[in-house]
Amino acid sequence: MRLIMGLGNPGKQYESTRHNAGFLALDFLREHFDFENFHRETRFHAELSIGTIGQEKYLLIKPATFMNRSGSAVRALLDFYKLSARDIIVLHDDLDIAPGTHKTTSSSRAAGHNGVQDIIDTIGTQDFFRIRLGIGRPAETEGACRPAHDYVLDPFSPDELALLQKIFPTLPKLITEPL
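An account of the accompanying structure is given in this report.

**So, helix 5 (residues 158–167)**
Buried within helix 5 are the following residues: E160, L164 and I167. Buried residues of helix 5 fall within an arc of 45° about the axis and therefore sit on the same side. Opposite the packed face of helix 5, turned more than 90 degrees from it, sit the exposed residues P158, D159 and K166. Looking at the buried residues of helix 5, the elements they touch are helix 1 (21–33), strand 6 (102–105), strand 7 (129–134), helix 4 (148–151) and helix 6 (171–176).

Structure (structure tokens):
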């Protein structure tokens, strides 16, 4: 079994924000693999979609907690299914990667991403596979750079969303054949 977690914030007001790139990626994967619709599982603090690829079962996970508390869903699922951190793939936004591109890592620090840091703190390791979806940094306006925490909570522009969605067709192979 593999746990594929997309990071984001719950609620309609956050649906199209940069911080919800992970949720948007999961929506693509759910549709691509024709998994069941997402449904709320309160015992796991998440919305889940379950499906099979080949002979392996996959759980797509959208934490129902806010970004900074993403680890509680991972911990609950790891404990319930008796899995290890090596069975997790996390998809999340990344300010340090250009829009329309992505990077993968199999063991690295959070690099300032609070959702990833909470997962690391909660499960006690950084040894899990990550797909970092580029959203870029805010552009400088009038000599002052906008704070990152405001930038990630803004909606994608149509051009930015199109760049993000260009990454999505590469994701199925990345999650079925990670490093």
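Anyway, onward from the coordinates.
**Some thoughts on the packing of helix 2 (residues 71–81) against helix 3 (residues 114–123)**
As a packed pair, helix 2 and helix 3 sit with axes 8 Å apart at the nearest point and diverge in direction by 40°. It follows from the interaxial angle that helix 2 and helix 3 lie oblique. Crossing handedness for the pair helix 2 and helix 3: right-handed. Across the interface between the two elements, G71, S72, V74, R75 and L78 of helix 2 pack against D118, I119, T122 and I123 of helix 3. When its residues are assigned to classes, the contact of helix 2 with helix 3 shows 4 nonpolar, 3 polar and 2 charged.

**Overview of the pairing of strand 7**
In terms of burial, strand 7 is largely enclosed, as 6 of its 6 residues are buried. By the bridge criterion, 6 bridges tie strand 5 (residues 88–94) to strand 7 in an arrangement that is parallel. The residue of strand 7 that forms the bridge with D94 is G134. By the bridge criterion, 4 bridges tie strand 6 to strand 7 in an arrangement that is antiparallel.

**Concerning unusual backbone geometry**
Backbone geometry at D34 places phi at a positive 55°, although glycine is not the residue there. Structurally, D34 can be placed in the loop between helix 1 and strand 2 (39–41). Its relative accessible area of 66% is what places D34 among the exposed residues. The backbone phi angle of H45 is positive, close to 55°, even though this residue is not glycine. With respect to the element layout, H45 can be found in the loop between strand 2 and strand 3 (46–53). Classification of H45 by relative accessible area gives partly exposed; the value is 34%.

Conventions used here
Residues numbered from 1 in each chain as written. Predicted model: local features only at pLDDT ≥ 70, side-chain atom pairs only at ≥ 80, totals over all residues. Heavy atoms only, no water. Buried < 20%, exposed > 50% of the residue type's maximum accessible area, 1.4 Å probe, protein only. Helix = DSSP H or I, 4+ residues; strand = E, 2+ residues; numbered from the N terminus. Arc of directions from axis to C-beta. Contact = heavy atoms within 4.5 Å. Axes fitted to C-alpha atoms, helices over the stretch in contact; angles between N-to-C directions. Parallel < 35°, antiparallel > 145°, perpendicular 65-115°, else oblique. Left-handed = near helix turned anticlockwise from the far one by under 90°. Nonpolar A, V, L, I, M, F, W, Y, C, P; charged D, E, K, R; others polar. Pairing = 2+ DSSP bridges.

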